[in-house]
Every structure is written in C-alpha cells, then in structure tokens.
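Coordinate analysis (summary)
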Amino acid sequence: MNRAVIAEPKYESFIPYTAIAEMFVHLVIGAEDQVLEAMADTIEQEILTAKPFLREIGGYKVVKGLWNLRRQAWREAEQLLDKGSRFWTDPDLCRYGYSP
C-alpha cells in the first residue's frame, strides 16, 4: 500500500479510507487471497487500531464480507455485511454523526 501523499499531516485521516478502497479494488480485480489477507492484516492491526473511525470500520467489514462471499464463507460473510451496514443504518450511530 502506497500512502505517501495521504500520510502528510493534513491528509492522514484519509489513510483508513484509502487502504479500504484499495483492498476493495484488489478484491474486484480478482487479487489472490494471500494479497487480500496481507492487506486485511495491515488494515486491522495497524490502520484501524491507530484510527478507529466508526464509518471506516463499517466499510472495512463490508469489504471483508464481500471477500468472504467470494470465498463462499457464507455465514461469516453475512455477519460481516450485517455488522458493516449497521454503521450506515443504525439510528443511534446516525444520531451522533457517524453515518454519511
């Protein structure tokens, strides 16, 4: 993942979104599971740990859920998609401005 520009101080809040979008693009183009696993590890262990923004956590869960659909891990995919979509549909989260 190349985040040189967004790592600058006034753009660092874009790091989680950009990493998740990059993982989604790799998923869409059919990247191998090892590539996606490495990206997921970085997002979970480094990026979302340092910047735990609720909207990005939800977006990541959706992307990971889509990846699980591709792998035919139906139950895990359903759980991740449900949890991820909750960040955009849960009235309590929306009330506090965490939803677009």
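The text that follows walks through the structure, step by step, so that each part is easy to find. Since this is a predicted model, take the numbers as computed values, not measurements.

Pairing is possible between side chains that carry opposite charge, provided their charged atoms lie close to one another. Applying the stated rule across the entire model yields 2 salt bridges. In this structure, Glu 44 engages Lys 64 in a salt bridge whose closest nitrogen and oxygen atoms are separated by 2.7 Å. Within this pair, whereas Glu 44 is found in helix 2 (residues 33-50), its partner Lys 64 is found in helix 3 (residues 54-70), the two being separated by 20 residues in sequence. By relative accessible area, Glu 44 is classed as partly exposed at 32%.

Moving on, we get to the packing of helix 1 (residues 15-28) against helix 2. Where helix 1 contacts helix 2, the axes come no closer than 10 Å and their chain directions differ by 165°. Classified by the angle their axes make, helix 1 and helix 2 are roughly antiparallel. The two elements helix 1 and helix 2 cross, and the hand of that crossing is left-handed. In this structure, helix 1 uses Ile 15, Pro 16, Ala 19, Ile 20, Glu 22, Met 23, His 26 and Leu 27 to contact helix 2, whose residues at the interface are Val 35, Leu 36, Met 39, Ala 40, Ile 43, Ile 47 and Leu 48. Looking at the contact of helix 1 with helix 2 residue by residue, the classes come out as 13 nonpolar, 1 polar and 1 charged.

Parameters at a glance
Residues numbered from 1 in each chain as written. Predicted model: local features only at pLDDT ≥ 70, side-chain atom pairs only at ≥ 80, totals over all residues. Heavy atoms only, no water. Salt bridge = Lys/Arg side-chain N within 4 Å of Asp/Glu carboxyl O. Helix = DSSP H or I, 4+ residues; strand = E, 2+ residues; numbered from the N terminus. Buried < 20%, exposed > 50% of the residue type's maximum accessible area, 1.4 Å probe, protein only. Axes fitted to C-alpha atoms, helices over the stretch in contact; angles between N-to-C directions. Parallel < 35°, antiparallel > 145°, perpendicular 65-115°, else oblique. Left-handed = near helix turned anticlockwise from the far one by under 90°. Contact = heavy atoms within 4.5 Å. Nonpolar A, V, L, I, M, F, W, Y, C, P; charged D, E, K, R; others polar.

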